[in-house]
Amino acid sequence: MRKNLYVALLLSLVAITCPFISAQKNSVDAEGHEWWQHAVFYELYPRSFADSNNDGVGDLNGITSKMKYLHELGVDAIWITPCYPSPQVDFGYDVADYENIDPMYGTLADFDHMVAEGKKQNVRIILDYVINHTSDQHKWFLASKSSKTSAYRNWYVWHDPKPGNQPPNNWISEFGGSAWKFDPATGQYYYHYFYAEQPDLNWNNPAVEKAMFDVTRWWYKRGVSGFRLDAVDTLFEDPDLRDNPVQPGTTKFGDPNTEHKYNQKLPGVHEVLQNLRRVADEHNAVLIGETWTKNIDELKEYYGGKNKELQMPMDFMFTRVDKLDPAEFRRQIAAADSSGGWPTYVISNHDIPRSYNRYGDGAHNDDIAKLMGAFYLTLRGTPIMYYGEEIGMENNDPKRKEDVKDPEGRTGWPKEIGRDGERTPMQWSDAANGGFSTHQPWLPVPASTKTHNVATESKDPNSVLEFYRKVLALRHSSPVLLDGNYTPLNEDDANVMSYLRTYKGKSVLVALNMSTSPQKPTFKLPNSASNLKSLAATPGASSTGTEVSLPALGVFIAEVQ
Ligand code: NOJ
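Being a predicted model, the structure only gives us computed values, none of them experimental. Per-chain numbering applies: the sequence of each chain, read as written, is numbered from 1 onward. Local features in this predicted model are restricted to residues whose pLDDT is 70 or higher, and side-chain atom pairs enter the listing and the counts only when it is 80 or higher, whereas totals over whole chains, interfaces and linings include all residues. By convention in this description, side-chain values take in all heavy atoms of the structure and omit both hydrogens and water.

1. Examining the overall build of the protein chain
- From N to C terminus, the protein chain includes 17 helices and 20 strands.
- We compute the radius of gyration from the C-alpha atoms alone; for a globule the expected value is 2.2 Å times N to the 0.38, where N is the number of residues. Computed over the C-alpha atoms, the radius of gyration of the protein chain is 24 Å, within 12% of the 24 Å expected from 2.2 N^0.38 for a compact globule of 561 residues.
- Along the first, second and third principal axes, the C-alpha atoms of the protein chain reach 80 × 70 × 50 Å.
- Classification of the 561 residues of the protein chain by burial places 57% in the buried group.
- Nonlocal contacts in the protein chain, meaning residues at least 24 apart in sequence, comprise 67% of its contacts between residues at least 6 apart.
- As displayed, the protein chain has an accessible area near 22800 Å², and 52% of this comes from carbon and sulfur atoms.
- Within this scheme the basic residues Lys and Arg register as positive and the acidic residues Asp and Glu register as negative, but His and the chain ends are omitted. All charge positions are set by atom: Lys at NZ, Arg at CZ, Asp at CG, Glu at CD. Between the averaged position of the 57 positive side-chain charges in the protein chain and that of its 72 negative side-chain charges there is a distance of 4 Å. The helix count covers DSSP runs of H or I at least four residues long, the strand count covers runs of E at least two residues long, and both are numbered beginning at the N terminus. Three exposure classes are used, based on accessible area relative to the maximum for each residue type with a 1.4 Å probe and protein chains only: buried under 20%, partly exposed in between, and exposed over 50%. A contact between two residues is defined here by any heavy atoms of the two lying within 4.5 Å. Calculation of accessible area relied on Shrake-Rupley with a 1.4 Å probe; when residues are assessed, cover is drawn exclusively from the protein chains displayed.

Rendered as structure tokens:
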């Protein structure tokens, strides 16, 4: 009894003196929600977010300097795409050392400083963990390649050639060409799902698993709150190396189309992820997965029975709907909501053209950007924003092959122009280079920087940024939006997407006019409803009693009274 009293006293002392530790430990709220279920995540590309030393490439000190901006915007956690030492063949997704920072981004001391500043601003750090492959310059691969008898040989996937020195099978790399590269010195091929400079790790080797798990422990101790796991679908390969079935047609790189039957989503993937989750749970951390699921059953597998696998398998379904299509959105949300896991919503990222371009119609892009923000930020689930989305940043695609930086675009030009367009520098002001750097940035900013930037939009109450701020503030302060059930309304309406979020007897109505003509929908609201109190609306959207008027692409979010 007395011992318990001492423990309780000690815990409350720790809680008083060290509030952040206490917040980390007591992350589950009264209803069992974990911290990541109430958080807004924000993906940022470190090369492009903020450049503190004006060399044209972003860095960690730049991110640190913007922590206050992120906090005030309503961001609770940032996912930083890889910032480890890397030859940068795939802009960091080719990691040469998992336990350090690339000098172009700073030092480990800068990282610690960033974590500390994040704690002050309540912004957690999520690192991108590239677990399928390393760089061919990683010391493990250099050792593996050095001889067939190297202790590291079995850390990667090596095979003898087929007769005639041919690759072991017909597997095609995601970035074009065979997925096998011949090493003349040792007379074998190694496997690379992505570029040849990104050899696949052999996850059947327990030494690989141990080393990779230890890396996560190392970063947890340094203060990270979780990982976004890269390319998890491709961790394992068929042990018999069977040829993938060939399908009609060719890829954008001119290779035969094949079904990735024997080198994607093999069962071993789930065991690894569940083991990684056990380590994450010891640190109250979250695992986000780059999970390219075809349907909700595949998504369910990534949550794992009893949710013991990934807390946040990214559901990319919205990124595949490139138009404002209420019926399709309803279908997708219903599926995600029924998955048994907590939904994770994403509308763009560093591999996909920006949502501003994908949904935009060229005439109402800002209105559409606001509408999409109001939409996915008011759904039941955790949103992952992409930097610049909040200011309506657009793609700035290269116009000439010689300007392309992304190797995918250089190989695939002109069918595949690469991903540079969605990775351009954050637009902080209307100054040269969007105020990102006084030096010419590694990628150019678009002309729209003059109007679409943080400084200019902060002064305009009708800007995309100010609307995002409003919706994000509402989301954080509304238990109904954080925890409430989702009920679709007017499911036959082809123009207005609408739903109720309901929690403890209170409801919030979200009405989004996805058409370019004004709409006056009527809703079946809870019986006693007589009034709608506006919480956030775009100009011209209003209500009288329970009747709503929505101008073209208008947004109306209201408390049902
Ligand atoms: C997925 C990442 O998002 C992408 O940018 C990268 O090229 C591949 N994985 C390979 O790591």
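2. Structural notes on the site of the ligand
- Note on terminology: near, applied to a residue and a molecule or strand, indicates that one of the residue's heavy atoms is within 4 Å of it. Near the ligand the following residues occur: D90, Y93, H133, F175, F194, R228, D230, E290, H350, D351, R419 and R423.
- N or O atoms within 3.5 Å of each other form a polar contact, as long as, within protein, one can give a hydrogen and the other can take it, and as long as residues adjacent in sequence are counted only when both atoms are side-chain atoms. For the ligand, an oxygen atom lies 2.5 Å from a polar atom in the side chain of D90.
- Note that an oxygen atom of the ligand is positioned 2.5 Å from one of the side-chain N or O atoms of D351.
- If the ligand stood free it would expose 290 Å²; the protein chains cover 97% of that surface.
- Polarity classes work like this: nonpolar for Ala, Val, Leu, Ile, Met, Phe, Trp, Tyr, Cys and Pro, charged for Asp, Glu, Lys and Arg, and polar for all others, with Gly in that last group. For the shell around the ligand, the per-class residue count stands at three nonpolar, two polar and seven charged.

3. Observations concerning the sheet that holds strand β7 (residues 226-230)
- Any two strands with at least two DSSP-identified bridges between them are counted as paired. One open sheet accounts for eight strands, arranged β11-β10-β7-β3-β2-β1-β13-β12; its pairing is parallel. With partners counted over all chains shown, the strands left at the sheet margins are β11 (312-313) and β12 (344-346), one partner each.
- The strands touched by helix α9 (residues 268-282) within the sheet are β7 and β10 (286-289), with β10 carrying the most contacts at an inclination of about 150°. To obtain an axis, a line is fitted to C-alpha atoms, over the contacting stretch when the element is a helix, and the angle between two such axes runs from 0 to 180 degrees between their N-to-C directions.

4. Quick look at the environment of L550
- Secondary-structure assignment places L550 in the loop between β19 (547-549) and β20 (555-560).
- In this structure the C-alpha to C-alpha distance between L550 and S225, which are 325 residues apart in sequence, comes to 41 Å.

5. Considering unusual backbone geometry
- With omega at 0°, the peptide bond leading from W413 into P414 counts as cis.
- Here P414 lies in the loop between α14 (407-412) and α15 (454-458).
- For F91, which is not glycine, the phi torsion reads 45° and is therefore positive.
- Looking at the element boundaries, F91 is found in the loop between β2 (77-80) and α6 (108-120).
- Look at F91 and you get buried, because its relative accessible area is 8%.
- The backbone phi angle of N433 is positive, close to 55°, even though this residue is not glycine.
- Examined against the element boundaries, N433 turns out to sit in the loop between α14 and α15.
- By relative accessible area, which is 22% here, N433 ends up partly exposed.

6. Section: the pattern of salt bridges
- For this analysis, a salt bridge means a side-chain nitrogen from Lys or Arg found within 4 Å of a carboxyl oxygen belonging to Asp or Glu. Under the criterion given, the structure shown has 27 salt bridges.
- With a shortest N-O distance of 3.3 Å, E117 and K120 are connected by a salt bridge. Of the two residues, E117 and K120 both sit in helix α6, three residues apart, roughly one turn of that helix.
- For E117, a relative accessible area of 16% translates into the label buried.
- The partner of K294 in a salt bridge is E298, and the shortest N-O contact between them spans 3.4 Å.
- The buried category is assigned to E298, whose relative accessible area is 14%.

7. Some details on the sheet that holds strand β6 (residues 188-191)
- On the basis of which strands lie adjacent, the open sheet formed by three strands has the order β4-β6-β5 and antiparallel pairing. Bordering the open sheet on either side are β4 (158-159) and β5 (180-183), each of which pairs with just one other strand.
- Across two bridges, β4 lies against β6 in antiparallel orientation. From the neighbouring strand, H159 faces β6, where its bridge partner is Y189.

8. Here we look at the nonpolar core
- Core analysis: the biggest nonpolar cluster contains 133 residues, and F41, Y42, I78, F318 and F375 have the highest contact counts within it.
- Aside from chain neighbours lying at most four places away, what touches F375 is F318, F329, I333, M497, Y499, L512 and M514.
- One finds V496, A541, V548 and A558 within the second-largest nonpolar core, a separate group that totals 15 residues. As used here, the term nonpolar core means buried Ala, Val, Leu, Ile, Met, Phe, Trp, Tyr and Cys residues forming a set that is joined through side-chain atoms within 4.5 Å.

9. Focus: the pairing of β2
- The alternating pattern of β2 places A77 and W79 and I78 and I80 on opposite faces, both of which are buried.
- Summarising the sheet, strand β1 (residues 41-44) and β2 pair through four bridges and their orientation is parallel. Counterpart to L44 in the pairing with β2 is I80.
- The pairing of β2 with strand β3 (residues 124-130) spans four bridges and is parallel. Among the inter-strand pairings, I78 is bridged to a residue of β3, identified as I125.
- With its strands directed away from the observer, a crossover is right-handed exactly when the path from the first strand over the helix to the second travels clockwise. For the segment spanning β2, α6 and β3, crossover handedness is right-handed.

10. What about the packing of helix α8 (residues 206-221) against α9?
- The geometry of α8 relative to α9 is characterised by a closest axis approach of 10 Å and an angle of 30° between their N-to-C directions. As the angle between them shows, α8 and α9 are arranged roughly parallel. In this structure, α8 crosses over α9, and the sense of that crossing is right-handed. Together, E209, F213, T216, R217 and Y220 of α8 and V272, N275, L276, V279 and A280 of α9 make up the contact between the two elements. Note on terminology: angles under 35 degrees are roughly parallel, angles over 145 are roughly antiparallel, angles of 65 to 115 are roughly perpendicular, and the others are oblique. By definition, any crossing whose near helix is turned counterclockwise from its far helix by less than a right angle is left-handed, and any crossing with a clockwise turn is right-handed.

11. Some points on helix α13 (residues 365-376)
- In this scheme, a helix's expected span is set at 1.5 Å multiplied by one less than its residue total. Compared with an ideal rise of 1.5 Å per residue, which puts 12 residues at 16 Å, α13 spans 17 Å between its outermost C-alpha atoms and is within 8% of the ideal.
- Most of α13 is tucked away, with 10 of its 12 residues classed as buried.
- Buried within α13 we find N365, I368, A369, K370, L371, M372, G373, A374, F375 and Y376.

12. Observations concerning the packing of α13 against helix α16 (residues 464-477)
- The N-to-C vectors of α13 and α16 enclose an angle of 15°; their axes lie 10 Å apart at closest approach. By the criterion of interaxial angle, the relationship of α13 to α16 is roughly parallel. Our pair here, α13 against α16, has a crossing hand that is right-handed. Each of D366, A369, K370, G373, A374 and Y376 in α13 lies in contact with α16, whose residues at this interface are V464, F467, Y468 and V471.
- Residues that form the contact of α13 with α16 fall into these classes: seven nonpolar, one polar and two charged.

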